[in-house]
Amino acid sequence: MSRSGHIRDTRLVMVGAFVGAFALLMLSAFTSVLAGGPVGTKRELVNAAYEAAAGECLNWEKPDLSDAQKVDCSAAHKFEVTGTADITSAYPAEAPFPNAEAWEKIAQENCTQAATTYMSGKLDPQGKYGISTLNPDETRWASGYRQLRCGLQVTAPSGAALPSYGSAKTQDQSNVYDPGVCVALGENNTVGDPIECAKPHAFEIIGVVQHPEGAYLPIEQQDAVMSEKCAEVANEYTGGADLKAKNLLVTWDTRAEESWAVGSRKANCKIGAVPQGENLVAWEGSVRNPDGAPLTTSNPPQTTSVRPQDEPTGAPLHSESGKPSESGSPSESSKPDKPSSSSPTTTTENR
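Residues numbered from 1 in each chain as written. Predicted model: local features only at pLDDT ≥ 70, side-chain atom pairs only at ≥ 80, totals over all residues. Heavy atoms only, no water.

### Structural notes on the state of the cysteines
If you walk through the whole model with that rule in mind, you get four disulfides. Note that C111 is cross-linked by a disulfide to C150, the S-S spacing being 2.0 Å. Residues C111 and C150 share a disulfide whose torsion about the S-S bond is about -70°; that sign makes it left-handed. Residue C111 is located in helix α1 (residues 100-118), and its partner C150 is located in strand β6 (residues 147-153); the two are separated by 39 residues in the primary sequence. On the basis of relative accessible area, C150 is assigned to the buried category, the value being 0%. The disulfide bridge from C230 ends at C269, spanning 2.0 Å between sulfur atoms. Every disulfide takes its handedness from the sign of the S-S torsion; for C230 and C269 that torsion is -80°, giving left-handed. Within this pair, whereas C230 is found in helix α3 (residues 219-238), its partner C269 is found in strand β11 (residues 266-273), the two being separated by 39 residues in sequence. (Disulfide = S-S within 2.5 Å. Helix = DSSP H or I, 4+ residues; strand = E, 2+ residues; numbered from the N terminus. Buried < 20%, exposed > 50% of the residue type's maximum accessible area, 1.4 Å probe, protein only.)

What follows is the structure, given as structure tokens:
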């Protein structure tokens, strides 16, 4: 396939480039407000997140995060703790409960360095892991509780938590999806969350290319490699389908130099509809050959639309605007240790 078939997206080609102050580290405005009485009461009801230490992983299934539990990091999880922070000195007893902007500032000041240290200085600024926080809710805040958990989390563009496998310390941080995943077409010509391929979507992921070790390949050279590799991948994935006749073409992602430097060498091949000018076009269905070999995936692929939380995780703050998420409504005090989180903002990233 010629390079002319490479869609030049108007957005970033990889989720994760937070353009702002923050040393280009990612931040997900994830505010877990683990409701309940003052610390020390009803300990049997205390959410596991309150006792998690650096290196431990948390997972949950319920939309309100009320069933958060510690799990082995090799299993599916949605939060990996990188450290704890006590902000009592900056926010004494009389301090009001922080709004979304204040929580963003708190996370930047207290969790950025924790993540960098935890990853031994090798956190891909455009990789799949974003810096997140688990914060006390208003009830605990009023009781004087000022400790938060810093962590790393994989999130969809909407901010919804995606499952992660293995410790971030040992995983390839390349921001890729597994083959067979389709991603939605978001607002303002952006790429959205994983979605069922039967529904309108922007791209179908067809494969992952592993660049070799060695010196960084400039984007032009990556394009040349990906053009050739992705054409081969597409032919195998589709069973030699005539994509042009379907008004589809092959495209791909590239890796930035700062990602390459920390070992992120994987990039997605994908298929999308022929764009209208610079605008992406949604299409439906899958081009995968039903008689083809089973897909080779690194993890169970996220093939259905992301189920939102009651108060969805805030969108990762690595969009072009860098604007924080708006605060979600507080949790219900009648539900002990119920986490919630801030509402999402529109992002302009693409995997």
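### Topic: the pattern of salt bridges
Side-chain pairing between opposite charges can occur once the charged atoms of the two side chains come close. All told, the structure shown has four salt bridges when counted by the stated rule. With its nearest N and O atoms 3.4 Å apart, the salt bridge here joins R265 to E213. Here R265, found in the loop between α4 (257-261) and β11, pairs with E213, found in the loop between β9 (203-210) and α3; they are 52 residues apart in sequence, far enough to count as distant. Looking at R265, the relative accessible area reads 7%, which means it is buried. The exposure class assigned to E213 is exposed, which follows from its relative accessible area of 65%. Where K270 meets D253, a salt bridge forms, and the shortest distance between an N and an O atom there is 2.7 Å. (Salt bridge = Lys/Arg side-chain N within 4 Å of Asp/Glu carboxyl O.)

Don't take any of this as a statement about function, it's just geometry.
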